[in-house]
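Structural features, examined
Residue strings, one per chain:
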Amino acid sequence: MYQITSKSVTEDFHNFLIASIAYVVSMALTLGFVFPIQSMLVPASFLEVGLLFLPHGVRVLAFYFFGWKAIFYLLPSAYLFLALSNHAGTDLNIMSPVVSIIACYLGYKSATYLPALRNRALSPSLWKFLVFAGVVSSLANGVALSTLQHKGAELLSILGYLIGDVAGLIVCFLMLLYVFRFARILAEADNA
């Protein structure tokens, strides 16, 4: 059972800040860099689906590190994303953030039930599990959002979400890999 203490409130607040900052940064890169390039290259009718959706990587990592609490850590930032993307010209449903985050969590959680993936704690194959969980989460997200936006699951829409989420997940992981590598090089240079 979860007991509320001052330590748990402080820890939850720090986790909320970490998840929110990561989500906002990935959202800013997506809205400020990816979507403008996508709008130049892809027809306007396909703009509701990001072909490189970096926040999906943040969602998967948040679910891995924070579990079900990540739903509440990510929701405020997801609504900020909704407001900004609607301002940028898309027309997303007001329930999209809730539906998307819960669907992603359920997809992530279902990926953890596969027996072959149970022993994954910080092992070399962790990234394989996270990518697999990201694919399952993206599939659940695509079905849920397609159903919400089109009053039925449309295959093209689901495929678009799957491509954008998984591509964003992989690019997010690669970016983090290089950020951590750069931080380690800086730390080694300071110690030398």
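Here, residues in each chain are numbered from 1, in the same order as that chain's written sequence. Thresholds applied to this predicted model are a pLDDT of at least 70 for local features of residues and 80 or more for the giving and counting of side-chain atom pairs; totals over whole chains, interfaces and linings are not thresholded and use all residues. The basis for the side-chain values is all heavy atoms of the structure; hydrogens and waters are excluded.

So, on to helix H1 (residues 6-41). In DSSP terms, a helix is any run of H or I states spanning at least four residues, a strand is any run of E spanning at least two, and both are numbered starting from the N terminus. The span expected for a helix works out to 1.5 Å for each residue beyond the first. For H1, which comprises 36 residues, the first-to-last C-alpha distance of 50 Å matches the rise-based estimate of 52 Å (1.5 Å per residue) to within 8%. A residue's bend is simply the angle between two axes: one fitted to the seven residues ending at it, one to the seven starting at it. Residue valine 34 marks the point of greatest curvature in H1, where the axis turns by about 35 degrees; the proline proline 36 follows within four residues.

Here the protein chain averages 84 in pLDDT, while 85% of its residues score no lower than 70. By definition, pLDDT measures how confident the predictor is in each residue, and it falls between 0 and 100. Confidence scores differ between elements of the protein chain, with helix H3 (residues 70-87) showing the lowest mean pLDDT of 86 and helix H2 (residues 55-66) the highest of 94.

Let's shift gears to the environment of leucine 169. Inspection of the secondary structure puts leucine 169 in helix H6 (residues 155-191). Sequence separation between leucine 169 and valine 60 is 109 residues, and the spatial gap between their C-alpha atoms is 8.0 Å. Here, residues are in contact when the closest pair of their heavy atoms is within 4.5 Å. Setting aside chain neighbours within four positions, we find leucine 169 in contact with Phe53, His56, Gly57, Val60, Leu130, Val131 and Gly134.

Before going further, it helps to spend a moment on the pattern of salt bridges. What counts as a salt bridge is simple: a side-chain nitrogen of Lys or Arg found within 4 Å of a carboxyl oxygen of Asp or Glu. Taken as a whole, this structure holds 2 salt bridges when the rule is applied. Across the salt bridge formed by aspartate 12 and lysine 69, the nearest N and O atoms sit 3.2 Å from each other. Residue aspartate 12 is found in helix H1, and its partner lysine 69 is found in the loop between H2 and H3; the two are separated by 57 residues along the sequence. The pair aspartate 12 / lysine 69 is uniform in exposure class, with both members buried. Measuring nitrogen to oxygen at the nearest pair gives 3.7 Å for the salt bridge that ties aspartate 165 to arginine 59. Taken together, the positions of aspartate 165 in helix H6 and arginine 59 in helix H2 put the pair 106 residues apart, joining distant regions of the chain. For every residue, the accessible area (1.4 Å probe, protein chains only) is compared with the maximum for its type, and the residue is labelled buried under 20%, exposed over 50%, or partly exposed between those bounds.

Definition used in this section: a nonpolar core is a set of buried Ala, Val, Leu, Ile, Met, Phe, Trp, Tyr and Cys residues joined via side-chain atoms within 4.5 Å. Counting residues in hydrophobic clusters, the biggest one holds 35 residues, and the most contacted among them are Phe63, Leu74, Ile101, Phe129 and Leu130. At the level of elements, H1, H2, H3, helix H4 (96-111), helix H5 (126-150) and H6 are the ones that each hand at least two residues to this core. Every residue in contact with phenylalanine 63, bar those within four places of it in the chain, is listed here: Ala70, Ile71, Leu74, Ile101, Cys104, Tyr105 and Tyr108.

Before going further, it helps to spend a moment on the packing of H1 against H2. Angles here are taken between N-to-C directions and fall from 0 to 180 degrees, while the axes themselves are lines fitted to C-alpha atoms, restricted in helices to the stretch in contact. The interhelical angle for the contact between H1 and H2, taken along N-to-C directions, is 165 degrees, at an axis separation of 8 Å. Here H1 is positioned roughly antiparallel relative to H2, judged by the angle of their axes. Here H1 and H2 pass one another in a crossing that is right-handed. Where H1 abuts H2, its residues Asn15, Ile18, Ala19, Ala22, Tyr23, Ser26, Met27 and Thr30 lie against Pro55, Val58, Arg59 and Phe66. Basically, the charged four are Asp, Glu, Lys and Arg, the nonpolar ten are Ala, Val, Leu, Ile, Met, Phe, Trp, Tyr, Cys and Pro, and anything else, Gly included, counts as polar. Counted by class, the contact of H1 with H2 contains 8 nonpolar, 3 polar and 1 charged residues. Orientation is classified from the angle alone, with under 35 degrees giving roughly parallel, over 145 giving roughly antiparallel, 65 to 115 giving roughly perpendicular, and any other angle giving oblique. The handedness criterion is simple: a crossing whose near helix is rotated anticlockwise from the far helix by less than a right angle is left-handed, and one whose near helix is rotated clockwise is right-handed.

Think of a patch as exposed residues, more than 30% relative accessible area, with no salt bridge, where like charges cluster within 9 Å and nonpolar side chains (Val, Leu, Ile, Met, Phe, Trp, Tyr) cluster within 5 Å. Each accessible area is a Shrake-Rupley result for a 1.4 Å probe, and residues are judged covered by the shown protein chains and nothing else. On the surface, a cluster of nonpolar side chains totalling about 510 Å² of accessible area is made up of Phe13, Leu17, Ile21, Val25, Leu29 and Met175. No other element matches the 5 residues that H1 contributes to the nonpolar patch. Inspection of the secondary structure assignment puts leucine 17 in helix H1. Given a relative accessible area of 33%, leucine 17 falls into the partly exposed group.

Taking 1.5 Å per residue as the helical rise, H4 with its 16 residues ought to reach 22 Å, and the 22 Å between its terminal C-alpha atoms agrees with that figure. Listed in full, the buried residues belonging to H4 are Ser96, Pro97, Ser100, Ile101, Ala103, Cys104, Tyr105, Gly107, Tyr108 and Ala111.

Moving on to the environment of isoleucine 170. Along the chain, the position of isoleucine 170 falls in helix H6. It is 9.8 Å that separates the C-alpha atoms of isoleucine 170 and leucine 130, two residues lying 40 residues apart in sequence.

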